[in-house]
Amino acid sequence: MAEIAYWEAIRRAHDEEMANDRMVIAMGEDIGVAGGTYKATLGLYDKYGEDRVIDTPISENSYTGIGIGASMVGMRPIIEIMSINFALLALDTLVNAAAKIRYMSGGRAQCPIVMRTPGGTAHQLAAQHSARLARMFMSTSGLRVVTPRGPIDAYGMLKSAVRCNDPVIIIEHEQMYSLKEEVPDEEFFRPLEGAEIVREGSDITLVGYNFSVHLCLEAAKRLEADGIHAEVLDLRVLKPLDRELIRKSVEKTHRVLIAEEDEAPVGVGAEIMALINEDCFFALDAQPVRIHAADVPVPYNARLEKAAIPSADDVYQGALKVMGKI
Amino acid sequence: MNDADKKRLLKEMIFFRRFEDRTFEAYMERKIGGFLHLYSGQEAVATGVLEKAMLGKGTGNDYVITGYRDHVHALKAGAPAREVMAELYGKETGSSRGRGGSMHIFDPSVNFMGGYALVGQPFPLAAGLAMGCKHKGTKQIAICFLGDGANNQGTFHETMNMAKVWNLPVLFVCENNGYAIGTHIDRSTAVKDQYKRVCAYDMQASQHDGMDIEIVMEAAEKAIDFVRSGKGPYFIEFMTYRFRGHSMSDAKSYRTREEEIEWEKRDPIKIFSKRLIEQNLLTEDDIKAMKKEIDDEIENDIIKFAEESPEPKVEDLNKYVLDDHPDPRWIGPLQQ
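Residues numbered from 1 in each chain as written. Chains lettered and ligands numbered in written order. Predicted model: local features only at pLDDT ≥ 70, side-chain atom pairs only at ≥ 80, totals over all residues. Heavy atoms only, no water.

## With respect to the overall build of chain B
Of regular secondary structure, chain B possesses 13 helices and 8 strands. Scaling as 2.2 N^0.38, a compact globule of 336 residues should have a C-alpha radius of gyration of about 20 Å, and chain B matches this with 20 Å. Taking the principal axes of its C-alpha atoms as reference, chain B extends roughly 80 × 50 × 40 Å. In chain B, which comprises 336 residues, the share counted as buried stands at 56%. Contacts in chain B between residues at least 24 apart in sequence constitute 75% of all its contacts with a sequence separation of at least 6. Summing over all exposed atoms, chain B offers an accessible surface of approximately 13800 Å²; the carbon and sulfur share of this is 50%. Across chain B, the mean location of the 45 positive side-chain charges is 2 Å away from that of the 53 negative side-chain charges. (Helix = DSSP H or I, 4+ residues; strand = E, 2+ residues; numbered from the N terminus. Rg over C-alpha atoms; globule rule 2.2 N^0.38 Å. Buried < 20%, exposed > 50% of the residue type's maximum accessible area, 1.4 Å probe, protein only. Contact = heavy atoms within 4.5 Å. Areas by Shrake-Rupley, 256 points an atom, 1.4 Å probe, with all protein chains shown as cover. Lys, Arg positive; Asp, Glu negative; His and termini not counted. Charge placed at Lys NZ, Arg CZ, Asp CG, Glu CD.)

Listed below in structure tokens is the structure:
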């Protein structure tokens, strides 16, 4: 057991999967010689060569498409897109091709690709490097969408994604790459389905995914000091959603807050809210609250950026509101 | 080419024409829905190129991929005609189990990797298929058929670049029929000769008559040999014409009858029939008998199969969205 950073966990998963199966390749901008913008493939170019750790030109749609084509003949490409904003360029091949090929071929072809990308705000990267877009992928049939909150899931879910026969979108987060966690030394896999209770509580459920799980955990600590026992539920997987665990938790706590870094309209929180209405409306003792980003392009100015993005304090205040304390 | 092959190829082209004509009738009878794009007029290209490809080896075949005008490419690649017709009828026995329709014929059992509605999409997918062949070290190549209109997509430029940089075994076949749906190439494209556009990527390229199957075959053989020998990608352009509209809803208002008549004189089936008659390989009567035999097969076997096949079950609606039998080690659920 060693404490490793999120990026090291991703790198280790790449390394092990590439060692295990020569059909596994990595593709992306600057991932080879340069070792990756977030070091997720550091050293792998030297170890596996330029045919398996492929530096691509800045052609997101087509290199993603090449990965998809290769996956149709048995390869297992791990495709890195440097920022989720750039993934918009690859929507044709991801959404029109990868997500639909199994279905429109009547199950006769498949695209077992993994697409990894950081989706979230960092520090003053402004509007074109701060998109989140989780809601866009989670509304596309034929994809799996996962959001590892820490090194254990980042490692174990990438390994599972490589072996899974479906296209898997892994949404990481710029602010989490240096996050550390104890990760077992022996190989393990983390499943691509299922939410997880990451903190037990009895008074309110704080639902998060990706970076917002950490906001929820921080808020839960503060709530504890106020005598409020908050349960934190990490969705982990946005597609397919684990509605069963959401229901169970809400039926236990009777109160719920959903924290998302995405903008609210037609978002992850809206979907969770709808599921709660459908599945456990009568279990609620208070109106649910959504904590989300402002509906604006993310500003450069640090003060404005902070105002646009939810914080742990926003989650804390929101929880007090659900509890009727403010 | 020996005499038997010549006769076989003529018969194949006539079959493809009659197959498409029959789908037109079925469309009018509303047996076929959606969009239907017919290949009539362009038969020499798919037939001639794929005649020179590695086929008949099932999953050892060369990989073939194309756009939405895909019936004939699928048939020539080896997809059973019954299944292609059943797909158009939306039946469970169809090539794509009734889930794809006319624009999305798939038959991976013969490495026909699909028809796609987004015209620029097969470029990168084809390069990916080629990357797979190269990685596995097989002698297979990928062959991508698309029209001239597709070359105005960004994926054309992105893929030509990467195919060349990575020296991928892929043959891009441009079927230049002069129109992107209803817009003439002169009005949409700065460079009229499509093969010249890939010189920007230092790629081997050539342009040929696409109405004469013997010319197509000769050019395709050279291009395929080039690609298969590991020299990298090749872009081959064939000048051709589609006799019908873009799809069934096309009144062809954008082109003149005179232009159509000029091209109809160069009908690939007429050209090749005439040549085989001149070479005393066939008579007019032989060709009539050939057509009769084909029509009987289409009606009594292919259409019958499509008509009588069952539709997909509604309870199977969610089948094929994701892997229906996933390995629980990777998928879960998560143990709490």
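## Here we look at the interface of chain A and chain B
At the junction of the two partners, chain A supplies 55 residues and chain B supplies 45 residues. Both faces combined, the contact of chain A with chain B buries some 4200 Å², and carbon together with sulfur accounts for 67% of it. Three residues stand out in chain A for area buried against chain B, namely Tyr103, Met104 and Arg108 of chain A, and they jointly supply 20% of the buried area on that side. For the pair chain A and chain B, the interface holds 1 salt bridge. The partner of Asp107 of chain B in a salt bridge is Arg108 of chain A, and the shortest N-O contact between them spans 3.0 Å. Joining chain A to chain B, the criterion identifies 18 residue pairs in polar contact (both at pLDDT 80 or more). Elements with a contribution of two residues or more to the side of chain A that touches chain B: strand 2 (24–28), strand 3 (53–55), helix 3 (60–72), helix 5 (91–104), helix 7 (151–163) and strand 9 (196–199) of chain A. (Buried area = accessible area lost by both parts, 1.4 Å probe. Salt bridge = Lys/Arg side-chain N within 4 Å of Asp/Glu carboxyl O. Polar contact = N/O pair within 3.5 Å; in protein donor to acceptor, adjacent residues only side chain to side chain.)

## Here's the deal with the domain arrangement of chain A
Residue and element names in this part refer to chain A. Under the domain assignment used here, chain A contains domain 1 (2–183) and domain 2 (196–322). The straight-line distance from the C-alpha centre of domain 1 to that of domain 2 is 26 Å. Facing the 32 residues of domain 1 at the interface are 31 residues of domain 2. Together, the buried faces of domain 1 and domain 2 total about 2500 Å²; carbon and sulfur atoms form 52% of this surface. Remark: the boundary between domain 1 and domain 2 carries 6 salt bridges. (Domains from an automatic or database assignment.)

## Focus on the pattern of salt bridges
Pairing between side chains becomes possible if they bear opposite charge and their charged atoms approach one another. For the structure on display, the rule yields 65 salt bridges over all chains. Among the salt bridges present, the one from Asp279 of chain A reaches Arg243 of chain A, with a minimum N-O distance of 2.8 Å. Pair noted here: Asp279 of chain A is in helix 10 (residues 268–280) and Arg243 of chain A is in helix 9 (residues 243–253), with a separation of 36 residues, a long-range link. A salt bridge links Asp212 of chain B to Arg275 of chain B; the nearest nitrogen and oxygen atoms lie 2.5 Å apart. Placement of the pair is Asp212 of chain B in the loop between strand 7 (204–209) and helix 9 (213–231) and Arg275 of chain B in helix 11 (residues 268–278), with a sequence separation of 63 residues. Just as Asp212 of chain B is buried, Arg275 of chain B falls in that class too. By sharing partners, the salt bridges in this structure join Arg12, Glu16, Glu17, Lys159, Arg163 and Glu187 of chain A into a single network.

## With respect to the nonpolar core
Core analysis: the largest hydrophobic core is formed by 86 residues, its most contacted members being Ile101 and Phe137 of chain A. Looking at this core element by element, the count peaks at 8 residues for helix 5 (residues 122–136) of chain B. Two domains each donate at least three residues to this core, and these are domain 1 (2–183) and domain 2 (196–322) of chain A. Beyond its immediate stretch of four places on either side in the chain, Ile101 of chain A contacts Ile68, Met72, Ala109 and Cys111 of chain A together with Phe106, Tyr116 and Leu125 of chain B. Ranked by size, the runner-up nonpolar core spans 63 residues in total, among them Val72, Ala81, Met85 and Leu171 of chain B. (Core = buried A, V, L, I, M, F, W, Y, C linked by side-chain atoms within 4.5 Å.)

## Quick look at the confidence of the model for chain B
Confidence in the prediction of chain B, expressed as mean pLDDT, is 97, and 100% of residues score 70 or more. This prediction of the complex comes with two scores: 0.97 for pTM and 0.97 for ipTM. (pLDDT = per-residue confidence, 0-100.)

## Considering the state of the cysteines
A complete count under the given rule lists 0 disulfides over all chains for this structure. Of all cysteine sulfurs, the one in Cys280 of chain A lies closest to Cys216 of chain A, which takes part in no disulfide; the gap is 17 Å. Overall, the relative accessible area of 0% leaves Cys216 of chain A in the buried class. Its sulfur unpaired, Cys144 of chain B is 9.9 Å from the next cysteine sulfur, which belongs to Cys174 of chain B. (Disulfide = S-S within 2.5 Å.)

## Here's the deal with the environment of Thr66 of chain B
Residues and elements named next belong to chain B. With respect to the helices and strands, the residue Thr66 is situated in strand 1 (residues 63–66). Taking the relative accessible area as the measure of exposure, Thr66 reaches 3% and is therefore buried. Along the primary structure Thr66 and Phe243 are separated by 177 residues, whereas in three dimensions their C-alpha atoms are 19 Å apart. Among all residues touching Thr66, those that are not within four sequence positions of it are His73, Phe112, Gly114, Gly115, Tyr116, Pro122, Phe145 and Leu146. A distance of 2.8 Å separates a polar side-chain atom of Thr66 from the backbone oxygen of Phe145.

## What to know about the sheet that holds strand 4 (residues 76–80) of chain A
What holds strands together in a sheet is hydrogen bonding between their backbones, with the strands either parallel or antiparallel. All names here are of chain A. Read across the open sheet, the 7 strands follow the order 3-2-4-5-7-6-12; overall the sheet is mixed. At either end of the open sheet lies a strand with only one pairing partner, and these are strand 3 and strand 12 (237–239). Taken over all neighbouring pairs, the strand axes of this sheet differ in orientation by 20° on average, direction set aside. Relative to strand 7 (residues 168–172), strand 5 (residues 114–118) is paired through 5 bridges, and the arrangement is parallel. The residue bridging Arg116 from the neighbouring strand is Ile170, located in strand 7. The strands that helix 3 touches are strand 2 and strand 4; relative to strand 4, the one it contacts most, it runs at about 165°. (Pairing = 2+ DSSP bridges. Axes fitted to C-alpha atoms, helices over the stretch in contact; angles between N-to-C directions.)

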